[in-house]
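# Structure at a glance
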Amino acid sequence: MSTVQAEELVEADVRDLIRRSNIDPLVQQVEAKELIQQAIAEYERQMLRGVVPRLENADSLISSLFDKVCGFGEIQQYLDDSSVEEIWINAPDEIFVARAGESELTGLTLSEEQIRALVERMLKTSGRRLDLSTPFVDSSLPDGSRLHVAIPDVTRRHWAINIRKFIARATRLSDLVKLGSLSLDAAKFLDAAVASGLNCLVSGATQAGKTTMLNCLSASIGMRERVITCEEIFELKIPLRDVVNLQCRQPNLEGHGEIPLRRLVKEALRMRPDRLIIGEVREAESLDMLIALNSGLPGLCTIHANSARDAITKMCTLPLLAGDNISSSFVVPTVASCFDVVVHCDRNLRGKRQVREILAVGNRVENGVIETSTLFRREGDQLVCVASEVPSPEKFLRAGYAPDTLLNCEGALA
């Protein structure tokens, strides 16, 4: 019991020192760690005089206090663990993590007060708010992880918290080949396709690796090109020198000042982009993206879908949400003329993320259906080429590629 009392006394001393020093422990972590060490040293001096309870294992206490003061307390261990991909809290005694695509229940238990304090701390640097009028929040943590919180009465009883970490195991298409997510031939084709300015749509379910694929594809963009990204929450990490990242904004307390994704897409076109990258299309912003791509601006984006063909169907439907004056007779041929390639990602039963299919989008539309053809498809554990020709060969030729050499298909379909 004395050890618990000792740790509580030291923690109180540390927080008092930080308040009096007027530092932000989330930002000034070096200074905060010095104050922690200073507080423990002072406590040990008092302990030798018998004034305070005995303190055991001061080194581990330094780490624990650092997590509480400069990090996110008890869950910081999972944020620091590179094998943990996602953390979610369903209830104080139901805290889960995901490793290698598979979930596991931790033995950690937090009180309701600790959970609320944790969320408040996480939202501190983002400027986003959470209350009864705004029961959902999307935000980014300082390390780039994505935070989503839902509170009652949207949830039944407890706060629901999801933290999705972005572990950079792959930053280029060659990394995906090493991980077994992509074949070498498919990687060479996609690298040439992006470098040649083909418009690519990345599809898949949640946690299928869409954002990672988008980051890897963007690495194939020319180094001199100017890239503008539009996202709801900052997630993309484009490995280029000329990049401007735009993020949506929630309304203020008076309900004003909201900046939706549609507005970002429109503003991005005024910023001299050579490429437009949209983190994810879900609603009417798909119309603004189509208009941008239809103007000759190359782009990349992601979409939730069950398959590559479903992604095309969904892309033909979402723009209709923009208003009654938007019709399929405009949207369908526009999608056909805008997109060249669909890359569909999925996660198998063992949690492994991989490319399931790469689809070519044709310009022909028959009875409201866009003509498509499969370029690569997964057969067993192999992603094999089944195509006889590349889409939009004129774009490859302009970029200096020989279309006939981009597909190495031994058993190409006629």
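Residues numbered from 1 in each chain as written. Predicted model: local features only at pLDDT ≥ 70, side-chain atom pairs only at ≥ 80, totals over all residues. Heavy atoms only, no water.

### So, the overall build of the protein chain
- For the protein chain, the count of helices and strands is 13 helices and 15 strands.
- Based on the C-alpha atoms only, the size of the protein chain along its principal axes is roughly 85 × 50 × 40 Å.
- Counting only residues that meet the buried cut, the protein chain has 50% of its 414 residues in that class.
- At a minimum sequence separation of 6, the contacts of the protein chain that also span at least 24 residues come to 55%.
- Here the protein chain has roughly 20600 Å² of accessible surface; of this, 48% comes from carbon and sulfur atoms.
- Averaged over its 48 positive side-chain charges, the protein chain has a centre that lies 3 Å from the centre of its 58 negative ones. (Helix = DSSP H or I, 4+ residues; strand = E, 2+ residues; numbered from the N terminus. Buried < 20%, exposed > 50% of the residue type's maximum accessible area, 1.4 Å probe, protein only. Contact = heavy atoms within 4.5 Å. Areas by Shrake-Rupley, 256 points an atom, 1.4 Å probe, with all protein chains shown as cover. Lys, Arg positive; Asp, Glu negative; His and termini not counted. Charge placed at Lys NZ, Arg CZ, Asp CG, Glu CD.)

### Comments concerning the pattern of salt bridges
- Within this structure, the stated rule accounts for 27 salt bridges.
- Across the pair Arg146 and Glu235 runs a salt bridge whose closest N-O atoms are separated by 2.7 Å. Pair noted here: Arg146 is in strand β5 (residues 146-150) and Glu235 is in the loop between β8 (227-231) and β9 (243-247), with a separation of 89 residues, a long-range link.
- For Glu235, a relative accessible area of 12% puts it in the buried group.
- Close ionic contact of Arg309 with Glu357 constitutes a salt bridge, the shortest N to O distance being 3.0 Å. (Salt bridge = Lys/Arg side-chain N within 4 Å of Asp/Glu carboxyl O.)

### Topic: the packing of helix α10 (residues 285-294) against helix α12 (residues 328-338)
- Interaxial distance between α10 and α12 falls to 10 Å at its minimum, and their mutual angle equals 50 degrees. Judged by the inter-axis angle, α10 sits oblique to α12. Seen from above, α10 lies across α12 with left-handed handedness. The residues of α12 that touch α10, namely those facing Leu287, Leu290, Leu293 and Asn294, are Phe330, Val331, Thr334, Val335, Ser337 and Cys338.
- For the contact of α10 with α12, the class distribution of residues is seven nonpolar, three polar and no charged. (Axes fitted to C-alpha atoms, helices over the stretch in contact; angles between N-to-C directions. Parallel < 35°, antiparallel > 145°, perpendicular 65-115°, else oblique. Left-handed = near helix turned anticlockwise from the far one by under 90°. Nonpolar A, V, L, I, M, F, W, Y, C, P; charged D, E, K, R; others polar.)

### Considering the sheet that holds strand β1 (residues 84-91)
- Taken together, six strands build an open sheet; the order of strands is β3-β2-β1-β6-β5-β4 and the sheet is antiparallel. At either end of the open sheet lies a strand with only one pairing partner, and these are β3 (102-105) and β4 (136-140). Each strand axis lies, on average, 15 degrees off the axis of its neighbour in the sheet, ignoring direction. (Pairing = 2+ DSSP bridges.)

### What about the sheet that holds β9?
- Reading across the sheet, the nine strands line up as β9-β8-β10-β11-β7-β12-β13-β14-β15 and stay open at both edges, with mixed pairing between neighbours. This sheet does not close on itself; its edge strands, each paired only once, are β9 and β15 (382-385). This sheet shows a mean twist of 25 degrees between the axes of neighbouring strands, independent of strand direction.
- One ladder, built from five bridges, connects strand β7 (residues 200-204) with strand β11 (residues 299-304); its direction is parallel. Bridge assignment links Leu201 to a residue of β11, and that residue is Cys301.

### Quick look at the packing of aromatic side chains
- In this structure the tally under the stated criterion is three aromatic pairs.
- Ring centres 6.0 Å apart and planes at 45 degrees place the aromatic pair Phe189 and Phe376 in the tilted group. Of this pair, Phe189 sits in helix α7 (residues 184-195) while Phe376 sits in strand β14 (residues 369-379), and the two are 187 residues apart along the sequence.
- Between Phe189 and Phe396 the ring centres are 6.1 Å apart and the planes differ by 45 degrees, which places this aromatic pair in the tilted class. With Phe189 in helix α7 and Phe396 in helix α13 (residues 393-398), this residue pair connects regions lying 207 residues apart in the sequence. (Phe/Tyr/Trp six-rings, centres within 6.5 Å; stacked < 30°, edge-to-face > 60°.)

### Notes on the side chain of Asp175
- Along the chain, the position of Asp175 falls in helix α6 (residues 173-179).
- Among buried charged residues, Asp175 stands out as having no salt bridge; its nearest opposite-charge side chain is Lys178, 4.4 Å away.
- Ignoring anything within four residues of it in the chain, the contact list for Asp175 reads Arg169 and Ala170.

### Notes on the packing of helix α9 (residues 261-268) against α10
- For the pair α9 and α10, the least separation of the axes is 8 Å and the interaxial angle reads 15 degrees. The pairing of α9 with α10 is recorded here as roughly parallel in orientation. Where α9 crosses over α10, the handedness of that crossing is left-handed. Together, Leu261, Arg262, Val265 and Lys266 of α9 and Glu285, Leu287, Asp288 and Met289 of α10 make up the contact between the two elements.
- In terms of residue class, the contact of α9 with α10 is built from four nonpolar, no polar and four charged.

### Concerning unusual backbone geometry
- Residues Pro152 and Asp153 are joined by a peptide bond in cis, for which omega reads 10 degrees.
- Within the secondary structure, Asp153 sits in the loop between β5 and β6 (160-164).
- For Asn22, which is not glycine, the phi dihedral falls at a positive 55 degrees.
- Checked against the element boundaries, Asn22 lands in the loop between α1 (2-21) and α2 (29-48).
- Its relative accessible area of 70% is what places Asn22 among the exposed residues.
- One non-glycine residue, Arg272, lies in the positive phi region at around 55 degrees.
- Examined against the element boundaries, Arg272 turns out to sit in the loop between α9 and β10 (275-278).
- Given the relative accessible area of 59%, Arg272 is considered exposed.

### Description of the confidence of the model for the protein chain
- For the protein chain, per-residue confidence averages 89 on the pLDDT scale, and residues scoring 70 or more make up 98% of the total.
- Here helix α3 (residues 58-70) stands out as the element of the protein chain with the lowest mean pLDDT, 80, in contrast to β7, whose mean of 97 is the highest. (pLDDT = per-residue confidence, 0-100.)

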